Amino acid sequence: MKPCPEEIVRYMHDYLDGEITRRDEQILKDHLEKCPECQQHMDGLSRSVAFLKSAAPVAAPEGLSSSIMAALPKERQGAGVRRWFGRHPMLAAVAMFVLLAGVALLSNFHTEDQFAVSRQPNLVVEGNKVTVPEGQTVKGDLVVKNGELHIEGEVEGNVMVINGSKYMASTAVVTGQVEEINQAFEWLWYKIKSTVKDSVSFIKGDNGNGEE
Amino acid sequence: MEDLIKKRIKQVLKGDQSAFEEIVSLYQNRLYQVCYRMLGNRHEAEDITQEAFIRAYINLHTFDQKRKFSTWLYRIATNLCIDRIRKKKPDAFLDAPVPGTEGLDHYSSIAHDSPLPEEEVERMELQDRVQYEIGRLPDKYRSAIVLRYIEELPLQEISEILELPLGTVKTRIHRGREALRKQMKTL
């Protein structure tokens with residue numbers, strides 16, 4: 001028996017896809033009538049299709065939709081923000097940075113609102129009033145937060161007053177710098193400056209002694 | 001139907017998360033069915049269906065509203081299923097072409113985790129048997145076959161879901177049918 005034309009199997013599939021031309025369908029039918037092997041092939045394919053179609057529909061398990069809803073990320077106005085971010089990636093990055101840096105530093109600024117003073121001998125502390133008594137010398141830096149600083153004696157180092165007030169008597173001597181920080185913005189700036197300074201001195205292996 | 005879906009999509013995009021629930025209930029059965037037929041495991045199918053909806057929700061702003069939503073959703077789900085199947089394969093070399101063969105018999109013999117002995121397959125209930133035979137199809141053909149014969153989608157839509165040319169989809173369905181015919185012939 002001569003071999004079957006190659007396109008017969010292709011016609012079978014075209015037929016099963018419902019995309020066979022009338023002419024090809026006639027050729028296929030004529031061929032199958034006289035070729036039991038191809039008929040068997042065709043039957044096998046038809047059976048496979050019928051077998052697949054016998055698959056019973058499968059329904060999603062109960063509660064799937066509520067567990068999906070519960071698993072969605074919780075951000076109702078998120079979509080709009082995300083779209084904006086998608087369109088302006090650079091701006092978004094800058095905004096994000098400023099926001100995060102600001103939040104981090106400002107939250108520091110606000111949580112540290114109780115009175116604090118550097119631990120130094122010779123200091124007199126009454127309530128939130130700190131006094132460097134006349135004739136006494138404080139060795140090292142002096143930092144007062146949320147308090148009042150009266151300098152009547154001598155400070156060998158820098159003086160810093162954060163969110164407070166400072167009074168210097170005529171007898172006062174400060175060998176280092178005197179700084180007062182009262183604004184959130186300045187606090188931010190100071191934090192940035194001192195972080196940079198710290199890391200620089202760390203790199204230099206310099207045990208910062210308060211001198212600049 | 002599509003109009004209703006587009007309305008809900010717009011609501012979700014405006015921040016109304018609850019509008020997504022209607023989308024989920026309209027498509028969950030179809031998506032779950034595809035996943036179940038692709039993976040052959042109810043638990044995994046549930047996992048992947050959930051994952052597909054979450055991804056759809058998160059990426060909804062990337063959906064082109066001029067297109068058909070179900071196509072986009074099916075694409076997310078079938079991609080997740082294919083990824084999951086690939087991860088489950090024990091050895092990467094199974095993907096390698098086998099010289100001198102067309103690949104079909106080789107693939108179909110290893111596509112399933114462990115082929116069952118013939119007597120056991122013969123004793124199977126029809127529904128288990130259907131799932132077993134689909135599971136033995138190589139995953140390339142499996143996705144096309146499932147979309148064609150379980151979901152009964154037109155070839156054009158399958159080509160959009162799988163992002164393959166129409167001709168490739170046809171070839172995969174043809175080969176899938178041939179593979180299935182051979183699988184069934186041995187029994």
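Just so we're clear, the structure is a prediction, and the values are computed from it rather than from any experiment.

Definitions and limits used
Residues numbered from 1 in each chain as written. Chains lettered and ligands numbered in written order. Predicted model: local features only at pLDDT ≥ 70, side-chain atom pairs only at ≥ 80, totals over all residues. Helix = DSSP H or I, 4+ residues; strand = E, 2+ residues; numbered from the N terminus. Buried ≥ 20, exposed ≤ 12 C-beta atoms within 10 Å, placed from the backbone. Contact = placed C-beta atoms within 7 Å. Nonpolar A, V, L, I, M, F, W, Y, C, P; charged D, E, K, R; others polar. Expected span 1.5 Å × (residues − 1). Bend = angle between axes of the 7 residues up to and from the residue. Pairing = 2+ DSSP bridges. Core = buried A, V, L, I, M, F, W, Y, C linked by C-beta atoms within 7 Å. UniProt positions renumbered as here; feature names shortened; annotations may be inferred. Axes fitted to C-alpha atoms, helices over the stretch in contact; angles between N-to-C directions. Parallel < 35°, antiparallel > 145°, perpendicular 65-115°, else oblique. Left-handed = near helix turned anticlockwise from the far one by under 90°.

**Thoughts on the overall build of chain B**
- Of the regular secondary structure elements, chain B holds ten helices and zero strands.
- Among the 187 residues that make up chain B, the fraction classed as buried is 37%.

**Points about the interface of chain A and chain B**
- Contact with chain A, which involves 33 residues of that partner, is made by 34 residues of chain B.
- Mapped by element, the contributors of at least two residues to the side of chain A that touches chain B are helix H1 (7-16), helix H3 (36-53), helix H4 (64-71) and helix H5 (78-87) of chain A.
- Along the lines of polarity and charge, the residues of the side of chain A that touches chain B split into 19 nonpolar, eight polar and six charged.

**As for helix H2 (residues 19-39) of chain B**
Residue and element names in this part refer to chain B.
- The terminal C-alpha atoms of H2, which comprises 21 residues, lie 29 Å apart, in line with the 30 Å expected from a rise of 1.5 Å per residue.
- At tyrosine 27, H2 is bent by approximately 50°, the largest bend along its length.
- Counted residue by residue, H2 has 15 buried out of 21 residues, so it is predominantly covered.
- Glycine 40 sits one or two residues past H2 and shows a positive phi near 70°.

**Things to note about the sheet that holds strand E5 (residues 142-145) of chain A**
Residue and element names in this part refer to chain A.
- With respect to topology, four strands assemble into an open sheet ordered E1-E5-E8-E11, the strand pairing being mixed. A strand with exactly one partner marks an edge of an open sheet, and here the two such strands are strand E1 (116-117) and strand E11 (178-181).
- The pairing of E1 with E5 spans two bridges and is classified as antiparallel. The residue bridging alanine 116 from the neighbouring strand is lysine 145, located in E5.

**Considering the nonpolar core**
- In this structure, Cys35, Ala52, Leu73, Ala77 and Ile145 of chain B are the most contacted members of the largest nonpolar core, which totals 45 residues.
- Only H4 of chain A together with H2, helix H3 (42-58), helix H4 (69-88), helix H8 (139-150), helix H9 (155-162) and helix H10 (166-185) of chain B provide two or more residues apiece to this core.
- Excluding its chain neighbours within four sequence positions, the residues that come into contact with leucine 73 of chain B are Tyr27, Leu31, Ala52 and Ala56 of chain B.
- In terms of nonpolar packing, the next biggest core, distinct from the first, is built from twelve residues, Val130, Val132, Val144 and Met160 of chain A among them.

**Here we look at unusual backbone geometry**
Residue and element names in this part refer to chain B.
- Of note, the phi angle at glutamate 152 is positive, near 55°, even though the residue is not glycine.
- On the secondary structure map, glutamate 152 appears in the loop between H8 and H9.
- One non-glycine residue, glutamate 163, lies in the positive phi region at around 50°.
- Considering the arrangement of structural elements, one finds glutamate 163 in the loop between H9 and H10.

**Observations concerning the UniProt feature "domain: Putative zinc-finger" (unreviewed entry) in chain A**
- Taken from the UniProt record, the annotation "domain: Putative zinc-finger" (unreviewed entry) applies to residues 4-39 of chain A.
- Regarding residues 4-39 of chain A, the helix share stands at 75% and the strand share at 0%, and the terminal C-alpha atoms are separated by 12 Å.

**Side note on the pairing of strand E8 (residues 159-162) of chain A**
All names here are of chain A.
- Neither face of E8 is left uncovered, since the one carrying Val159 and Val161 and the one carrying Met160 and Ile162 both have all their residues buried.
- Two strands pair when backbone bridges link them, and E5 and E8 are joined in this way by four bridges, in the parallel orientation. Paired with valine 144 across the strands is valine 161, a residue of E8.
- One ladder, built from four bridges, connects E8 with E11; its direction is parallel. From the neighbouring strand, valine 159 faces E11, where its bridge partner is valine 178.

**Things to note about the environment of lysine 66 of chain B**
Residues and elements named next belong to chain B.
- You can see lysine 66 is positioned in the loop between H3 and H4.
- By the C-beta count within 10 Å, which is 6 here, lysine 66 ends up exposed.
- When the C-alpha atoms of lysine 66 and lysine 6 are compared, they prove to be 9.3 Å apart, with 60 residues separating the residues in sequence.

**What about the packing of helix H1 (residues 2-13) of chain B against H2 of chain B?**
Residues and elements named next belong to chain B.
- Contact geometry for H1 and H2: axes closest at 8 Å, N-to-C directions at 140°. As far as their axial angle goes, H2 and H1 are oblique. In terms of crossing hand, the pair formed by H1 and H2 is left-handed. Each of Ile5, Arg8, Gln11 and Val12 in H1 lies in contact with H2, whose residues at this interface are Ala19, Phe20, Glu22 and Ile23.
- Across the contact of H1 with H2, the residue classes tally to five nonpolar, one polar and two charged.

**Structural notes on the environment of leucine 142 of chain A**
Residue and element names in this part refer to chain A.
- By the secondary structure assignment, leucine 142 is in strand E5.
- The spacing of leucine 142 and serine 118 is 24 residues in sequence and 5.7 Å in space, taken between C-alpha atoms.
- Excluding residues within four positions of it along the chain, leucine 142 makes contact with Ser118, Gln120, Val155, Gly157 and Val159.

**Describing H4 of chain B**
All names here are of chain B.
- In this model, H4 (20 residues) spans 29 Å end to end at C-alpha, consistent with the 28 Å of a helix rising 1.5 Å per residue.
- Taken residue by residue, H4 has Phe69, Leu73, Tyr74, Ile76, Ala77, Thr78, Leu80 and Cys81 as its buried positions.
- As for H4, its buried residues are in contact with H1, H2, H3, H8 and H9.

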